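Residue-level structure breakdown
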Amino acid sequence: AEWPLRPGTNFRKKIGDLFRQELKTVDFIDLDNISTADLVHEVLIFLTAPTADVDFREFIRTMGGVDFFILSFDFILSRLDKYHRVSNENCQRFSKIERCLQMLENLTYMNSDNQNYALNFKNKMIVKSTHGTLTNCLSVIHKSRSNKIKLLGKSKNLDNVFDCLFSTFRMMLNLTHGNEYTCTEIGKYKGMIEVILETILFLPSNAGTKHKLDCYTLGLGLLINLLGEVPSNRNILAKCRFDSSPWFDAVEDSIEDRNKTSVELIIQTFLKFHNSSAELEKQTFSEAESLCMQEGEEPTEVELEIEEPGLEKRESNSASSASKSEEEKNGDDPFGYKEPA
């Protein structure tokens, strides 16, 4: 009874070693327990990439691929830890959700038929699951902050959570791209626009610059899709209030900010990062200028020698222009124009 299992075990080990050798770091597959389903999933992600043929994506849909990945997405989401603990098992589930979302992202890329089908499947299950994923990701990230876990580059588990968050945004970007119907249905789902705003505005202060930048880019891009297509979504955003949000303490803002509207908070976030980027640019310029002054004290004579031919050239140009002006005064205009008497 044990003999048939031995070749499979050796095969699994060889596949794991091959992944480690070629990809160096593999966070999205458990190489010690790799299965045939994992390999098929990764092959499908590769075959349905944005460069793939549109007909092949539609073929995957007709074969039940969209159904399968939405159901898998919803099932894994239901198995997440309700206490939002940053455990290995819980964060591995986030990694599995991320792979399902990657597949749905590919299938809905620039394909309105797949977008509409995915949205309408099982009474808009994908919208409910997406809202739950954003809520769970944000809760785990803030839970890690309360436990004083460093987020940037220190925790592989939290990297899985952030990857899941960003994959959710990317899938929704494809789902809402140029599609007014999907934008309307997603926007009117209770709490959807609010949780997107909370993810953008209330990331913990120790989330890291790279994670914050990715979140701002993807989250604001999603809001552009949702608000640009549907006026009712703009009204929903304008009415959003976060005075009772549990995440306010994470951004280290004043108490007065709790009474601000969502539009005011977005403008405040923009001005904050605009000013910080201007200060960073000014600091970088001053440092570069001081460094050039230190290194440029000795080669001043060389610089003068290099500049002298340019001066001579400018002097010759000025002399030629002067001679041309004299010719024009004398009536020798090269275009044949003469001053009237």
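Structural data are supplied above this passage.
Residues numbered from 1 in each chain as written. Predicted model: local features only at pLDDT ≥ 70, side-chain atom pairs only at ≥ 80, totals over all residues. Heavy atoms only, no water.

1. Observations concerning the pattern of salt bridges
Quick reminder of the rule: For this document, the term salt bridge refers to a Lys or Arg side-chain nitrogen within 4 Å of an Asp or Glu carboxyl oxygen. Strands here are runs of E lasting at least two residues and helices are runs of H or I lasting at least four, both read from the DSSP assignment and numbered beginning at the N terminus. Residue burial is assigned from relative accessible area. The probe radius is 1.4 Å, only protein chains are included, and a residue is buried under 20% of its type maximum, exposed over 50%, and partly exposed in between.
Counted according to the given criterion, the structure contains seven salt bridges. Residue Arg 93 pairs with Glu 89 through a salt bridge whose shortest N-O separation is 2.8 Å. Highlighted residues: Arg 93 and Glu 89, both in helix 5 (residues 88-107), separated by four residues, approximately one helical turn. Assessed through its relative accessible area of 17%, Arg 93 is described here as buried.

2. A look at the nonpolar core
Inclusion rule: Take the buried residues of types Ala, Val, Leu, Ile, Met, Phe, Trp, Tyr and Cys, join any two whose side-chain atoms come within 4.5 Å, and each joined set is a nonpolar core. Note on contacts: a residue pair qualifies if any of its non-hydrogen atoms lie within 4.5 Å across the two residues.
Of all hydrophobic cores here, the largest spans 63 residues; its most connected members are Ile 126, Leu 165 and Ile 196. No other element matches helix 8 (residues 156-176), which puts 11 residues into this core. Among residues more than four places away in sequence, those in contact with Leu 165 are Leu 134, Cys 137, Ile 141, Thr 199 and Cys 215.

3. Here's the deal with unusual backbone geometry
Of note in this structure, Asn 123 is not a glycine but carries a positive phi near 60 degrees. Here Asn 123 shows up in the loop between helix 6 (112-120) and helix 7 (125-146). Positive phi is not limited to glycine here, since Lys 124 has a value of about 60 degrees. Tracing the backbone shows Lys 124 in the loop between helix 6 and helix 7. What makes Lys 124 partly exposed here is its relative accessible area of 24%.

4. Regarding helix 6
Rule in force here: In this context, the arc is that of the directions from the helix axis out to the C-beta atoms. In the analysis that follows, any N or O atom pair within 3.5 Å is treated as a polar contact, provided that within protein one partner can donate a hydrogen and the other can accept it, and provided that, for residues neighboring in sequence, both atoms belong to side chains.
Within helix 6, the full set of buried residues consists of Asn 114, Gln 115, Ala 118 and Leu 119. For helix 6, the arc enclosing every buried residue in end-on projection is 130 degrees, short of the 170-degree limit, so these residues lie on one face. The opening residue of helix 6, the one whose side-chain oxygen lies 3.3 Å from the backbone nitrogen of Asp 113, is Asn 111. The positive-phi residue at the C-terminal boundary of helix 6 is Lys 122, with phi of around 50 degrees.

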